[in-house]
Amino acid sequence: MKQALFLLNMGGPNDLDEVELFLYNMFSDKNILPTNPATRALVRQIIITKRLEEAKESYAHLGGKSPLSDLTQELIVKLKNILDMPIYAAMRYVPPFAQESLIKCKEEGVEELLLFPLYPQYSTTTTLSSYEDIVSRCKALDYHPKITMLACQYYDDIDYIKANVEQIEKAINGKDISEYDLLLSAHGLPVSIIKAGDPYQRQVEANVSAIKTLLDIKGLHFKDVKLVYQSKVGNATWLEPNLVDVLRNPLNRKVLIYPLAFTIDNSETLFELDIEHREIAEKIKYDDYIVAECMNSSESFVNLIVKYVKMNSLEKNNSTYPCSDCSVCLCCGAARIYDAEIAKS
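This write-up is about the structure you can find in this document.

### Thoughts on helix α11 (residues 272-283)
Item 1. In a regular helix each residue adds 1.5 Å, so 12 residues correspond to 16 Å; α11 covers 16 Å between its end C-alpha atoms and thus fits that length.
Item 2. Of the positions making up α11, those classed as buried are Glu272, Leu273, His277, Ile280 and Ala281. Within α11, the buried residues cover an arc of 100° as seen down the axis, which keeps them to one side. Away from the buried face of α11 by more than 90 degrees, exposed residues Glu282 and Lys283 are located.

### Quick notes on unusual backbone geometry
Item 1. A cis geometry characterises the amide bond from proline 95 onward to proline 96, with omega recorded as 5°.
Item 2. By the element assignment, proline 96 lies in the loop between β2 (87-91) and α4 (98-107).
Item 3. In this chain, glutamate 240 is followed by proline 241 through a cis amide linkage whose omega measures 5°.
Item 4. With respect to the helices and strands, proline 241 occurs in the loop between β6 (224-230) and α9 (243-248).
Item 5. At serine 231, a residue that is not glycine, the phi angle is positive and equals roughly 70°.
Item 6. With respect to the element layout, serine 231 can be found in the loop between β6 and α9.
Item 7. One non-glycine residue with positive phi stands out, namely asparagine 296, at about 50°.
Item 8. Along the polypeptide, asparagine 296 turns up in the loop between β8 (288-291) and α12 (299-314).
Item 9. Exposure remark for asparagine 296: the relative accessible area of 10% places this residue in the buried category.

Definitions and limits used
- Residues numbered from 1 in each chain as written.
- Predicted model: local features only at pLDDT ≥ 70, side-chain atom pairs only at ≥ 80, totals over all residues.
- Heavy atoms only, no water.
- Helix = DSSP H or I, 4+ residues; strand = E, 2+ residues; numbered from the N terminus.
- Expected span 1.5 Å × (residues − 1).
- Buried < 20%, exposed > 50% of the residue type's maximum accessible area, 1.4 Å probe, protein only.
- Arc of directions from axis to C-beta.

Right, dumping it as structure tokens:
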């Protein structure tokens, strides 16, 4: 069966003109704003009006674009050295969208799409949204491949946890870690989404617990290890503690921040954490403020993705789904619905 691998992510503006498109598409997503279409359109317009110029200014600090697309292409180049199949980035809100790649796959007779989310923890706002995007585009193209979600979450995969710790060790760079607080920063979500059943929070907390365990096993003892949430928007109640609040009320003025919910660096790591929040630390006179890089195209992350591709081929004759019949995730729940539709058609 001819296969192609799609790396799923939200995407980031490739130039300042795409910032408005990014905001428009993000806040048009029913998984991001789970309300009726009329209300969603109103809220979207308010957000764009309020945030557009500020968002453009943020990207201007990064050279006029998000680094996400270029870093993802670097990852794809390394994967192509190992995997003998077409590999594409499928961004949700700005190019490269999945559309052109799917047209190419259809023309070339690709029978199975292997989807790998660049989101380690599952959320309806990220993984599900990207999955639904692929499915809807395939239907619009009258293209009916088998769609396989290689992993709808991998926050508790031991190789992923090891890759996390590698990035943390790289960032601390031989300094006395007993003097530092480690802040594991995950992207925040409105509490209303969590209460609706989204498993993101508990997966983030489990991710933190696994990192703490491996740090202890390796004898890496920070002064404290804390989970924090970043990127709050609006006045709704979001997951806490908020990173900004923690930074403004320091118990320790030496911190290392690791972006827990991102695998590829983007504006929320390189601008929000490393520029915007660094200004807070400098004003309060922190002794040291370190932001770790995401895994990007590290050897460990490349190997993790390759592992899931190879595991998929080994499990073809195994009737057990990777998540043991979970009704929430995509590798068995929603994916079965799609498979049933394809069989019927």
